[in-house]
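Structural description and commentary
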Amino acid sequence: MAINAQEISALIKKQIENFQPNFDVTETGVVTYIGDGIARARGLDNAMSGELLEFANGTYGMAQNLETNDIGIIILGDFYEIREGDVVKRTGKIMEVPVGEALIGRVVNPLGQPVDGLGDIKTSGFRPVENPAPGVMQRKSVFEPLQTGLKAIDALVPIGRGQRELIIGDRQTGKTSVAIDTILNQKGQDMICIYVAIGQKESTVRTQVETLRKYGALDYTIVVTASASQPSPLLFIAPYAGVAMAEEFMYNGKHVLIVYDDLSKQAVAYRELSLLLRRPPGREAYPGDVFYLHSRLLERSAKLSDDLGGGSITALPFIETQAGDISAYIATNVISITDGQIFLQENLFNSGIRPAIDAGSSVSRVGGSAQIKAMKKVAGTLRLDLASYHELEAFTQFGSDLDAATQAKLNRGRRTVEILKQPLHKPLPVEKQVVILYALTHGYLDDVPVNDILAFEEALYDYFDAHYQDLFETIRSTKDLPNEDDLKAAIEAFKDQSNFKE
């Protein structure tokens, strides 16, 4: 077989023309310090703030401090096997978490990795943990109610979809219970819930997950957990990971409720990181940008305009106070960022008033416009009634001779306080709340003994379920009160056949 030199030379020329040099250039540095979830590295001159960096053992870190000689890195995971002198390289990517429907019903860490032992999660995509909040023109006023199922909140401090309502109080005052009950009440409301547990005991998180599973709420909930035993970088990143997962749903026109439990622990973790990174401390040793830490997180909660699909993220951030001190640094910061706050008081909790909501100090700055008409009508005077009751109660401790009007106000106040109590994990649909509050404000409970109020309430719901289901349906569908004569007749019919009388 003859060798054709021309063919061979043509082939070689063609290959030279199509030759593409394929060099893989990665910028690498050397670890100069390691400890407490922090590393410093030299040689990464072009690293960006927030960029993901990969260590020799496969652990990832995130560039935080960009200084002249070296960069400060927070380590997202196990740092015990990293040593001084190890190689660290740039990835060119910023910190992202997996997002999508596949996460629903799962318990994940702040990196989006499953920690519930149920296998891998096949997600549809990734979103950066740091993302600009929607602008002014991309938002819409809050107008749809987010029903918590708790009478004291839905009547006095209503929350709307797209709102940020702070839940603040000392430890062991029932903050988490309020959030869990709110999540339970979203069943069938076309709402996805995300519960971010920051710095909690793993046993506590397990208990909350089992509660959600027991009541069927895990079917529409994602739990993101960074427990107390995790390195502080994971506690710092957890809320941002949670809101990145929420944004995926919001920008697809869905509604999300996200609970940050709690941001005090995130601020403490951030303070720890900042001090280890040698950033200058400010008030209470927090770094100067601790306000920005929370504002850039909470501003990402919004009610989007119709052009963007009308989705929403409603945030319930928690702050833990020390001995009721709401003038502490982090507490005042978050109060100024949010659209209202719900105060939980220890003395109310200990005296059996649960949820222990202090109606005088709690406020919702936008929720009133998101209340349904029926609730507005029956709850209008409730806050004033409670305020005047508490004032009179303090006054009457000094004297016993009361006129009839004062006595009537005191009696109504005692029954109002009793009606606003609610058992754990028993959120109420809004139509039932409206009926009992109507009965209260129209004097139908004035002759019922205070000790029998909750029994009266249960019996009233059962009676309406059996005989007046149409009234419940009217409130549910029209969002307004049914014919008042029919409602009064139904309550009177119940009272006639019941034996709740003083």
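Bear in mind that the values here come from a model prediction, so they are computed numbers and not experimental data.

1. Observations concerning the overall build of the protein chain
Looking only at helices and strands, the protein chain has 16 helices and 18 strands in total. In the protein chain, 74% of the contacts between residues at least 6 apart in sequence involve partners at least 24 apart. Carbon and sulfur atoms form 51% of the exposed surface of the protein chain, whose accessible area is close to 23,200 Å². One finds the centroid of the 50 positive side-chain charges in the protein chain at a distance of 1 Å from the centroid of its 66 negative side-chain charges.

2. Re the nonpolar core
Generally speaking, soluble globular proteins have nonpolar side chains that are buried together. Counting residues in hydrophobic clusters, the biggest one holds 74 residues, and the most contacted among them are Ile-183, Met-375, Leu-437 and Phe-464. In terms of residue count, the dominant contributor to this core is helix H13 (residues 430-441) (8 residues). Excluding residues that lie within four positions of it along the chain, Met-375 makes contacts with Asp-154, Ala-155, Gly-380, Val-430, Gln-433, Val-434 and Leu-437. Counting residues in each nonpolar core, the second largest holds 60 residues, with Val-196, Ala-269, Tyr-286 and Tyr-329 among its members.

3. Comments concerning the pairing of strand S5 (residues 71-76)
The element S5 is extensively covered by neighbouring structure, given that 6 of its 6 residues are classed as buried. Residues Ile-71, Ile-73 and Ile-75 point to one face of S5 and Gly-72, Ile-74 and Leu-76 to the other, with burial holding for every one of them. In terms of strand pairing, strand S2 (residues 38-42) meets S5 through 4 bridges, oriented antiparallel. Opposite Ile-38, over in S5, you have Ile-74 as the bridge partner. Here strand S4 (residues 60-66) pairs with S5 via 6 bridges, running antiparallel.

4. Quick word on the sheet that holds S2
Read around the barrel, 6 strands follow the order S1-S2-S5-S4-S3-S6 and close on themselves; strand pairing throughout is antiparallel. The average angle at which neighbouring strand axes cross in this sheet is 45 degrees, direction not considered. Of the strands in this sheet, S4 and S5 touch helix H5 (residues 232-250), which is tilted by about 80 degrees from S5.

5. Remarks on a nonpolar patch on the surface
A contiguous nonpolar surface patch, about 290 Å² in accessible area, is contributed by Ile-8, Ile-12 and Ile-16. Summarising the element assignment, Ile-12 is placed in helix H1 (residues 5-17).

6. With respect to helix H6 (residues 263-276)
Compared with an ideal rise of 1.5 Å per residue, which puts 14 residues at 20 Å, H6 spans 20 Å between its outermost C-alpha atoms and is within 8% of the ideal. Regarding H6, the residues found buried are Leu-263, Ser-264, Gln-266, Ala-267, Ala-269, Tyr-270, Leu-273 and Ser-274. Two or three places before Ser-264, at the start of H6, stands the capping residue Asp-262, its side-chain oxygen 3.0 Å from that residue's backbone nitrogen. The first or second residue beyond H6 is Arg-278, which carries a positive phi of 65 degrees.

7. Let's talk about the packing of aromatic side chains
Describing an aromatic ring pair means giving the distance of the ring centres and the angle of the ring planes. Applying the stated criterion to the full structure yields 9 aromatic pairs. Relative to Tyr-240, the ring of Phe-236 has its centre 5.9 Å away and its plane inclined at 65 degrees; by these criteria the two rings are edge-to-face. With Phe-236 and Tyr-240 both in helix H5, this residue pair falls 4 residues apart, about one helical turn. A residue is classified by how much of its surface remains accessible, and Phe-236, at 1% relative accessible area, is buried. Ring geometry for Phe-464 versus Phe-472: centroids 5.5 Å apart, planes at 35 degrees, classification tilted. Among the aromatic side chains, those forming a connected cluster through ring pairs are Phe-456, Tyr-463, Phe-464, Tyr-468, Phe-472 and Phe-494. Over the face of the ring belonging to Tyr-286 we find Arg-271, whose NZ or CZ atom lies 4.3 Å from the ring centre. It is Arg-354 that lies over the ring of Phe-349; its NZ or CZ is 4.0 Å from the centre.

8. Brief notes about the packing of helix H12 (residues 404-419) against H13
Axes are the key here: two packed helices are described by the angle between their axes and the distance separating the axes. Orientation of H12 relative to H13, taken along the N-to-C sense of each, is 170 degrees, at an axis distance of 10 Å. Taken together, the axis directions place H12 and H13 in an arrangement best described as roughly antiparallel. Note on element contacts: H13 touches H12 through Ile-436, Leu-437, Leu-440 and Thr-441, opposite Arg-412, Arg-415, Thr-416 and Ile-419. Taken together, the residues of the contact of H12 with H13 break down into 4 nonpolar, 2 polar and 2 charged.

9. Focus: the packing of H5 against H6
For the pair H5 and H6, the least separation of the axes is 8 Å and the interaxial angle reads 135 degrees. Judged on the interaxial angle alone, H6 and H5 are oblique. The hand of the H5/H6 crossing is left-handed. Within the contact between the two elements, H5 uses Ser-232, Pro-233, Leu-235, Phe-236, Pro-239 and Tyr-240 and H6 uses Leu-263, Gln-266, Ala-269, Tyr-270, Glu-272 and Leu-273. Taken together, the residues of the contact of H5 with H6 break down into 9 nonpolar, 2 polar and 1 charged.

The rules behind each value
- Residues numbered from 1 in each chain as written.
- Predicted model: local features only at pLDDT ≥ 70, side-chain atom pairs only at ≥ 80, totals over all residues.
- Heavy atoms only, no water.
- Helix = DSSP H or I, 4+ residues; strand = E, 2+ residues; numbered from the N terminus.
- Contact = heavy atoms within 4.5 Å.
- Areas by Shrake-Rupley, 256 points an atom, 1.4 Å probe, with all protein chains shown as cover.
- Lys, Arg positive; Asp, Glu negative; His and termini not counted.
- Charge placed at Lys NZ, Arg CZ, Asp CG, Glu CD.
- Core = buried A, V, L, I, M, F, W, Y, C linked by side-chain atoms within 4.5 Å.
- Buried < 20%, exposed > 50% of the residue type's maximum accessible area, 1.4 Å probe, protein only.
- Pairing = 2+ DSSP bridges.
- Axes fitted to C-alpha atoms, helices over the stretch in contact; angles between N-to-C directions.
- Patch = residues over 30% accessible without salt bridge, like charges linked within 9 Å, V, L, I, M, F, W, Y side chains within 5 Å.
- Salt bridge = Lys/Arg side-chain N within 4 Å of Asp/Glu carboxyl O.
- Expected span 1.5 Å × (residues − 1).
- Polar contact = N/O pair within 3.5 Å; in protein donor to acceptor, adjacent residues only side chain to side chain.
- Phe/Tyr/Trp six-rings, centres within 6.5 Å; stacked < 30°, edge-to-face > 60°.
- Lys NZ or Arg CZ within 6 Å of the ring centre and 35° of its normal.
- Parallel < 35°, antiparallel > 145°, perpendicular 65-115°, else oblique.
- Nonpolar A, V, L, I, M, F, W, Y, C, P; charged D, E, K, R; others polar.
- Left-handed = near helix turned anticlockwise from the far one by under 90°.

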